[in-house]
Amino acid sequence: MEVDKMELFESLIAKVKGTGKKIVFPEGNDERIVKAAVRLATDGIIEPIVLGKTAAIKQLAGVTQELPATLKVLDPATYPTAKFEEMVSAFVERRKGKNTAEQARKLLQDVNYFGTMLVYLGIADGLVSGAVHPTGDTVRPALQIIKTRPGVSRTSGAFIMTKGTERYLFADCAINIEPNAQELAEIAVSSAATARLFDIDPRVALLSFSTKGSAKAETVTKVAEATKIAHAAAPMEKIDGELQFDAAFVETVARKKAPDSEVAGHANVFVFPELQSGNIGYKIAQRFGGFEAIGPILQGLNKPISDLSRGAVEEDVYKVAIITALQATGA
Ligand SMILES: CC(C)(COP(=O)(O)OP(=O)(O)OC[C@H]1O[C@@H](n2cnc3c(N)ncnc32)[C@H](O)[C@@H]1OP(=O)(O)O)[C@@H](O)C(=O)NCCC(=O)NCCS
Ligand SMILES: CC(=O)OP(=O)(O)O
């Protein structure tokens, strides 16, 4: 089968399998998480580290024999004191005076902080959480400890949206509540890079309720300004805005509303102007449109940390973990 015709996840699995990536799952008390982790280990795709107690994990996963050999269970409650204190010291050093050792010990009782520190210390290559915890609680440890890559000031959350052979990227659907023009530009540039993970040749539309000045409002000016900043930051990328969704997506509408745009009518990466529209937009495409929505994939962090929707099913956990491992390969 040619790679571009391969089912998306077959090709992603082929890139990840054999790399031995260790992904930590802090929510070992959730059935969807443990079942996905067992499948990922059994299929030889990643080496999961599940936080919790072996007996409870086996029961939730419905495993009566041994867990797969490549699945490691780690119980924070019985983590050796010396190792825990090393973690505390590393945390305090990373927080540069923002947290004391006493605060660190308390924060590290939280499985998301504990799991994120495993990634920071290199014990795990990435983390998947958020099936139980809301996004803020899942990503805050990563924002504080893992932090953004040089040149990126804000992380953002993208979804890969698939239906049949259709494949699009939506962002930011998860993190930045009211991004300014600079932040929106960064989200657009990061999204182009994320799209390439999925073999999408990115054509990025910055969405609005206006197309090329058809309406006047501060919120529209912000999107037009973000487009200019994104062009200056990444002149080789195909990025355009401000565009309404129909102008971005439908060729006949694009010919009328934005005839000179190389993106309009052909966009495959959709950047929303703020979080309300982004989060609502992806859920409408998912629930009305029948698209599978995988993510949010956090963009621009130093190491891969992935959130899940609390509405996620086992299959979503499985797929998000594969994407997280793919990010960990440096692809
Ligand atoms: C992501 C979110 C939790 C961060 O909020 P917060 O914890 O109040 O953030 P704070 O402003 O206190 O910042 C905490 C740290 O994270 C950093 N940070 C905050 N947002 C960031 C971002 N988008 N990218 C990178 N770092 C960020 C801050 O710089 C700060 O770092 P510091 O402690 O080293 O100084 C918040 O923006 C949020 O709730 N977003 C919406 C999440 C959501 O509900 N989405 C819908 C469902 S997916
Ligand atoms: C991404 C998202 O919307 O997460 P949740 O459904 O958990 O709020």
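All of these numbers come straight from a predicted model, not from anything done at the bench. (Residues numbered from 1 in each chain as written. Chains lettered and ligands numbered in written order. Predicted model: local features only at pLDDT ≥ 70, side-chain atom pairs only at ≥ 80, totals over all residues. Heavy atoms only, no water.)

### Here's the deal with the UniProt feature "domain: Phosphate acetyl/butaryl transferase" (unreviewed entry) in the chain
Piece 1. Within the UniProt annotation, "domain: Phosphate acetyl/butaryl transferase" (unreviewed entry) is assigned to residues 9-325.
Piece 2. Taken end to end, residues 9-325 comprises 44% helix and 17% strand; its first and last C-alpha atoms sit 12 Å apart. (UniProt positions renumbered as here; feature names shortened; annotations may be inferred. Helix = DSSP H or I, 4+ residues; strand = E, 2+ residues; numbered from the N terminus.)

### Remarks on the packing of helix α6 (residues 111-120) against helix α7 (residues 135-146)
Piece 1. Contact pair α6 / α7: the axes reach a minimum separation of 9 Å and the direction vectors enclose 35°. Classified by chirality, the crossing of α7 by α6 is right-handed. Each of Asn 112, Tyr 113, Thr 116, Met 117, Val 119 and Tyr 120 in α6 lies in contact with α7, whose residues at this interface are Asp 137, Thr 138, Arg 140, Pro 141, Ala 142, Gln 144, Ile 145 and Ile 146.
Piece 2. By residue class, the composition of the contact of α6 with α7 is eight nonpolar, four polar and two charged. (Axes fitted to C-alpha atoms, helices over the stretch in contact; angles between N-to-C directions. Left-handed = near helix turned anticlockwise from the far one by under 90°. Contact = heavy atoms within 4.5 Å. Nonpolar A, V, L, I, M, F, W, Y, C, P; charged D, E, K, R; others polar.)

### With respect to the confidence of the model for the chain
Piece 1. Put simply, the chain has an average pLDDT of 95, and 98% of its residues get 70 or more.
Piece 2. With a pTM of 0.93, the predicted complex shows an ipTM of 0.96. (pLDDT = per-residue confidence, 0-100.)

### Looking at the site of ligand 1
Piece 1. In the vicinity of ligand 1 there are 19 residues, among which Lys 98, Arg 140, Thr 155, Ala 174 and Ile 175 approach most closely.
Piece 2. In the model, an oxygen atom of ligand 1 is placed 2.9 Å from a nitrogen or oxygen of the Arg 95 side chain.
Piece 3. Within the contact set of ligand 1, a nitrogen atom lies 2.8 Å away from a backbone nitrogen or oxygen of Thr 155.
Piece 4. Here ligand 1, which alone exposes 940 Å², has 65% of that area covered by the protein.
Piece 5. Of all elements in the fold, only α7 and α12 (275-287) reach the threshold of two or more residues within the shell around ligand 1.
Piece 6. Per-element tally for the shell around ligand 1: the top contributor is α7, with six residues. (Near = heavy atom within 4 Å. Polar contact = N/O pair within 3.5 Å; in protein donor to acceptor, adjacent residues only side chain to side chain. Areas by Shrake-Rupley, 256 points an atom, 1.4 Å probe, with all protein chains shown as cover.)

### Details of the site of ligand 2
Piece 1. Near ligand 2 you find Thr 135, Phe 159, Asn 279, Tyr 282, Lys 283, Pro 296, Ser 309 and Arg 310, and these make up its full shell.
Piece 2. Separating an oxygen atom of ligand 2 from a side-chain N or O atom of Lys 283 is a distance of 2.9 Å.
Piece 3. Considering ligand 2 on its own, with 260 Å² of exposed area, one finds that the protein chains cover 87% of that surface.
Piece 4. Broken down by element, the residue count for the shell around ligand 2 peaks at three residues, all from α12.
Piece 5. Each residue belonging to the shell around ligand 2 can be placed in one class, and the counts come to three nonpolar, three polar and two charged.

### Structural notes on the side chain of Lys 21
Piece 1. With respect to the helices and strands, Lys 21 occurs in the loop between α1 (8-16) and β1 (22-25).
Piece 2. At 4.5 Å, Asp 125 is the nearest oppositely charged side chain to Lys 21, a buried residue that forms no salt bridge.
Piece 3. Not counting residues within four places of it along the chain, the set of residues in contact with Lys 21 comprises Ile 46, Glu 47, Asp 125, Ala 325, Ala 328 and Thr 329. (Buried < 20%, exposed > 50% of the residue type's maximum accessible area, 1.4 Å probe, protein only. Lys, Arg positive; Asp, Glu negative; His and termini not counted. Salt bridge = Lys/Arg side-chain N within 4 Å of Asp/Glu carboxyl O.)

### Considerations on a nonpolar patch on the surface
Piece 1. On the surface, Phe 245, Phe 249 and Val 250 cluster together to form a nonpolar patch covering roughly 220 Å² of accessible area.
Piece 2. Within the secondary structure layout, Phe 249 lies in helix α10 (residues 245-249). (Patch = residues over 30% accessible without salt bridge, like charges linked within 9 Å, V, L, I, M, F, W, Y side chains within 5 Å.)

### Digging into the pairing of strand β7 (residues 203-207)
Piece 1. For β7, the tally of buried residues reaches four of five residues, placing the bulk of the element in the interior.
Piece 2. Bridging between β7 and strand β8 (residues 238-243) involves five bridges; their strand directions are parallel. Of the residues in β8, the one forming a bridge with Val 204 is Ile 239.
Piece 3. Note on the crossover from β7 through helix α9 (residues 218-233) to β8: the handedness is right-handed. (Pairing = 2+ DSSP bridges. Right-handed = clockwise from strand over helix to strand, strands pointing away.)

### Here we look at the nonpolar core
Piece 1. Membership of the largest hydrophobic core comes to 58 residues, with the highest contact counts inside it found for Phe 25, Ile 46, Ile 160, Phe 198 and Ile 322.
Piece 2. Every residue in contact with Phe 198, bar those within four places of it in the chain, is listed here: Leu 8, Leu 12, Ile 160, Arg 167, Leu 169, Ile 297 and Ile 323.
Piece 3. One finds Leu 51, Val 88, Phe 91 and Leu 301 within the second-largest nonpolar core, a separate group that totals 28 residues. (Core = buried A, V, L, I, M, F, W, Y, C linked by side-chain atoms within 4.5 Å.)

### Structural notes on unusual backbone geometry
Piece 1. Put simply, Ala 171 and Asp 172 share a cis peptide bond, and its omega is -20°.
Piece 2. With respect to the secondary-structure elements, Asp 172 resides in the loop between β6 (166-171) and α8 (181-197).
Piece 3. A cis amide bond links Gly 241 to the next residue, Glu 242, at an omega of -10°.
Piece 4. The topology assignment puts Glu 242 in strand β8.
Piece 5. One non-glycine residue, Lys 96, lies in the positive phi region at around 40°.
Piece 6. Along the polypeptide, Lys 96 turns up in the loop between α4 (81-94) and α5 (101-107).
Piece 7. You can call Lys 96 exposed: its relative accessible area is 69%.
Piece 8. Of note, the phi angle at Lys 147 is positive, near 65°, even though the residue is not glycine.
Piece 9. As for its placement among the helices and strands, Lys 147 is situated in the loop between α7 and β5 (156-163).

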